Amino acid sequence: MDSRYLQTWADSYRQELTENIMPFWLKHGLDRKHGGVYTCVDRDGSLIDTTKSVWFQGRFGFIAAFAYNNVEKNPEWLAASKNCIDFIEKHCFDKDGRMYFEVKEDGTPLRKRRYVFSECFAAIAMSEYALASGDHDYAEKALALFKQIQHFIATPGILEPKYLATLEAQGHSITMILINTASRIRAAIEDPALNRQIDNSLAALKKYFIHPEFKALLEMVGPNGEFIDTCNGRVINPGHCIETAWFILEEAKYRQWDKELTEMALTILDWSWEWGWDKEFGGIINFRDCRNLPCQDYSQDMKFWWPQTEAIIATLYAYQATGDEKYLAMHKQISDWTYAHFPDKEYGEWYGYLHRDGTVAQPAKGNIFKGPFHIPRMMVKSYMLCNELISGK
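Everything quoted here is computed from the prediction, not taken from an experiment.

1. Some thoughts on the overall build of the protein
Next up, step 1: Helix and strand counts for the protein stand at twelve helices and twelve strands.
Next up, step 2: Taken over C-alpha atoms, the radius of gyration comes to 20 Å for the protein, in line with the 21 Å a tight globule of 393 residues would show.
Next up, step 3: C-alpha extents for the protein along the principal axes are approximately 55 × 55 × 40 Å.
Next up, step 4: In the protein, buried positions account for 59% of the 393 residues.
Next up, step 5: Intrachain contacts of the protein at a sequence separation of at least 6 include 66% that bridge at least 24 residues.
Next up, step 6: In the protein, 44 side chains carry a positive charge and 53 a negative one; their mean positions are 1 Å apart.

Structure below.
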């Protein structure tokens, strides 16, 4: 029964990736004139804003190569990855070595932010393209950029802090993204800095962000993990936590299913599922308050696309790690709800923003924040996991 279930989903992931998601973005998103990819498109794929999200140049650069490496050796995908990386190298770095957040369609800079997420996604695009193309120079570029990221984070004054000195805090998002960034680069090139970063991020998650008193992984804590009893300090982002859980499971698997890491990841997944799963309407909710007080964010009870896709991956990883049918049941639960509400059967691709009850809040297929990343990554990764589970790897 499990094999049939997994084979059905493996076939579905591959088919939708190759016949729906990738063709949609290659047709409507890829900019063959200026290079790179547009993401601000309406329901039918028509362009609604020519502003380019810099982190999506890296994200789609990664996805196109990741799909090429693990699903199908489609030369159009490999070319799309190179297209995005070329645009990044030509237009997306400022003179100080940091990257922009938004540029015009021709690469004219528009905005920088205090984050290094654009750099992280550019780095994994380069490392994945190195694997796809066999050009090791891009692995070297990815590693050099990663070390720049570490320098930016570690050097006071380069990245503007979120708060003034009156509130010292650290965030979950940069801690978790560096695990995935380092592990993706490590697949293309070995360097001690990558393993050190993964170890440091894992230690920080355990020491600072995991709070058993709330059965939660918090988004923001004090410099030594102190609980900050404010609206922002109490935030639980279930989707983010579930994504972190599968990043940790991936690393546990790399370490021959390290027991401590596996248990840490499963704890985060179980807690976050309990906080995030909407027992009335289904789906993973955006935000919760760890003391069950009202959330400040106006989108707190909405259903966004990406927490659902992260839960699909995480439940498959958890099933692979444990063989516990509970996690396969959770995979079915989240998959059934997600596939009943997000795919647009008329125009293709998926909606991104639903109300709590699952009705569509707005129909655009992309913007600066939604584009070809979480959905195709889920399909590639889940296709791989299903096949591994079927074959018993």
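Here the narrative resumes, following the displayed structure.
2. Regarding the sheet that holds strand E1 (residues 52-53)
Next up, step 1: Here we have three strands laid out as an open sheet, ordered E1-E2-E3, and antiparallel in their pairing. Bordering the open sheet on either side are E1 and strand E3 (109-111), each of which pairs with just one other strand.
Next up, step 2: Note that E1 and strand E2 (residues 102-103) share two bridges and pair antiparallel. By the bridge assignment, Lys 52 is partnered in E2 with Val 103.

3. Some remarks on the packing of helix H1 (residues 2-28) against helix H10 (residues 305-322)
Next up, step 1: Taken N-terminus to C-terminus, the directions of H1 and H10 make an angle of 145 degrees; their axes are 14 Å apart at the nearest point. Of the two elements, H1 crosses H10, and the hand of that crossing is left-handed. Counted together, Asp 2, Leu 6 and Tyr 13 of H1 and Ile 312, Leu 316 and Tyr 319 of H10 form the full contact between these two elements.

4. As for empty space enclosed by the protein
Next up, step 1: Taken as a whole and assessed by the stated rule, the structure comprises one cavity of 30 Å³ or more.
Next up, step 2: Taken together, Phe 62, Phe 66, Asn 180, Arg 184, Trp 246, Glu 250, Arg 377 and Lys 381 form the lining of the largest cavity.
Next up, step 3: For the lining of the largest cavity, the per-class residue count stands at three nonpolar, one polar and four charged.

5. Regarding the layout of surface pockets
Next up, step 1: Here the second largest pocket defines a volume of roughly 310 Å³.
Next up, step 2: Residue lining of the second largest pocket: 16 residues in total, with Arg 184, Glu 250, Tyr 254, Tyr 317 and Lys 381 positioned closest to the centre.
Next up, step 3: Looking at the lining of the second largest pocket, the element that brings in the most residues is helix H8 (residues 238-254), giving four residues.

6. Points about unusual backbone geometry
Most peptide bonds take the trans configuration, and most residues that are not glycine carry a negative phi.
Next up, step 1: In this model, Trp 257 sits at a positive phi of 55 degrees, which is unusual for a non-glycine residue.
Next up, step 2: Following the sequence through the fold, Trp 257 ends up in the loop between H8 and helix H9 (259-276).
Next up, step 3: Even without glycine at this site, Glu 349 takes up a positive phi of about 60 degrees.
Next up, step 4: Judged by its relative accessible area of 0%, Glu 349 falls in the buried class.

7. A closer look at helix H11 (residues 325-341)
Next up, step 1: For H11, built from 17 residues, the straight-helix expectation of 24 Å at 1.5 Å per residue is met to within 8% by its first-to-last C-alpha distance of 25 Å.
Next up, step 2: All buried positions along H11 are accounted for by Tyr 327, Leu 328, Met 330, His 331, Ile 334, Ser 335, Trp 337, Thr 338 and Tyr 339.
Next up, step 3: Where H11 begins, one side-chain oxygen reaches toward the backbone nitrogen of Lys 326, 2.9 Å away; that side chain belongs to Asp 324.

About the thresholds
- Residues numbered from 1 in each chain as written.
- Predicted model: local features only at pLDDT ≥ 70, side-chain atom pairs only at ≥ 80, totals over all residues.
- Heavy atoms only, no water.
- Helix = DSSP H or I, 4+ residues; strand = E, 2+ residues; numbered from the N terminus.
- Rg over C-alpha atoms; globule rule 2.2 N^0.38 Å.
- Buried < 20%, exposed > 50% of the residue type's maximum accessible area, 1.4 Å probe, protein only.
- Contact = heavy atoms within 4.5 Å.
- Lys, Arg positive; Asp, Glu negative; His and termini not counted.
- Charge placed at Lys NZ, Arg CZ, Asp CG, Glu CD.
- Pairing = 2+ DSSP bridges.
- Axes fitted to C-alpha atoms, helices over the stretch in contact; angles between N-to-C directions.
- Left-handed = near helix turned anticlockwise from the far one by under 90°.
- 1 Å grid on protein atoms, 1.4 Å probe; cavity = no way out; pocket = protein on both sides within 12 Å on 5 of 7 lines; lining within 4 Å.
- Points joined across faces, edges and corners; volume = space filled by probe spheres on them.
- Nonpolar A, V, L, I, M, F, W, Y, C, P; charged D, E, K, R; others polar.
- Expected span 1.5 Å × (residues − 1).
- Polar contact = N/O pair within 3.5 Å; in protein donor to acceptor, adjacent residues only side chain to side chain.

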